[in-house]
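Commentary on secondary and tertiary structure
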Amino acid sequence: MDEENKKLEEILKKHEENIKESIGEDIKRHIDVMLESMNDRFDAFAEGQQIIKTDLNSVKEDVELLKEDMDYVKSNIVEMKGDIRKIDAKLDKKADGEVVEDHKVRISKLENLVLAKA
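Residues numbered from 1 in each chain as written. Predicted model: local features only at pLDDT ≥ 70, side-chain atom pairs only at ≥ 80, totals over all residues. Heavy atoms only, no water.

1. Overview of the overall build of the protein
What the protein contains, in helices and strands, is 1 helix and 0 strands. Radius of gyration (C-alpha) of the protein: 50 Å, far over the 13 Å computed for a compact globule of 118 residues. Viewed in the frame of its principal axes, the protein has a C-alpha envelope of about 170 × 20 × 15 Å. In the protein, buried positions account for 0% of the 118 residues. Of the side-chain charges in the protein, 22 are positive and 31 negative, and the distance between the mean point of each set is 13 Å. (Helix = DSSP H or I, 4+ residues; strand = E, 2+ residues; numbered from the N terminus. Rg over C-alpha atoms; globule rule 2.2 N^0.38 Å. Buried < 20%, exposed > 50% of the residue type's maximum accessible area, 1.4 Å probe, protein only. Lys, Arg positive; Asp, Glu negative; His and termini not counted. Charge placed at Lys NZ, Arg CZ, Asp CG, Glu CD.)

Structure representation (structure tokens):
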């Protein structure tokens, strides 16, 4: 019986090793599938980040262009303010000139009226 037991034990050991190897292979395949799935997800995540990075760089370029445009607009506004002040001063003088001219005409008419009565 000892020999039979030894043979049975040897057969069981071989099957046990085969079972362990089989289970090990199944686990390895399962881990490989999980790692591949995670790798695909990380690749998709990296692609998404690249798209965001590209869009962000585009937005930064647009903002820089807008800054330059705003600097140009601001300088134009400053120039226009100076021009408006000059125009206002000229208009004030012109308005005063018109009033003076109106008064001269009225005085002249009054003088003529007074002289005509005298």
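2. With respect to the environment of D102
Structurally, the position occupied by D102 is in helix α1 (residues 2-117). For D102, a relative accessible area of 49% gives the class partly exposed. Along the backbone, D102 and K6 are 96 residues apart, and their C-alpha atoms lie at a distance of 137 Å.

3. Regarding the pattern of salt bridges
Counting across every chain of the model gives 1 salt bridge. Where E64 meets K67, a salt bridge forms, and the shortest distance between an N and an O atom there is 3.5 Å. Residue E64 and its partner K67 are both found in helix α1; the two are separated by 3 residues, about one turn of the helix. On the basis of relative accessible area, E64 is assigned to the partly exposed category, the value being 41%. (Salt bridge = Lys/Arg side-chain N within 4 Å of Asp/Glu carboxyl O.)

4. As for a nonpolar patch on the surface
Residues I19, I23, I27, I31, L35, M38 and F42 make up a contiguous nonpolar surface patch of roughly 670 Å² in combined accessible area. By secondary structure assignment, the location of L35 is in helix α1. Overall, the relative accessible area of 49% leaves L35 in the partly exposed class. (Patch = residues over 30% accessible without salt bridge, like charges linked within 9 Å, V, L, I, M, F, W, Y side chains within 5 Å. Areas by Shrake-Rupley, 256 points an atom, 1.4 Å probe, with all protein chains shown as cover.)

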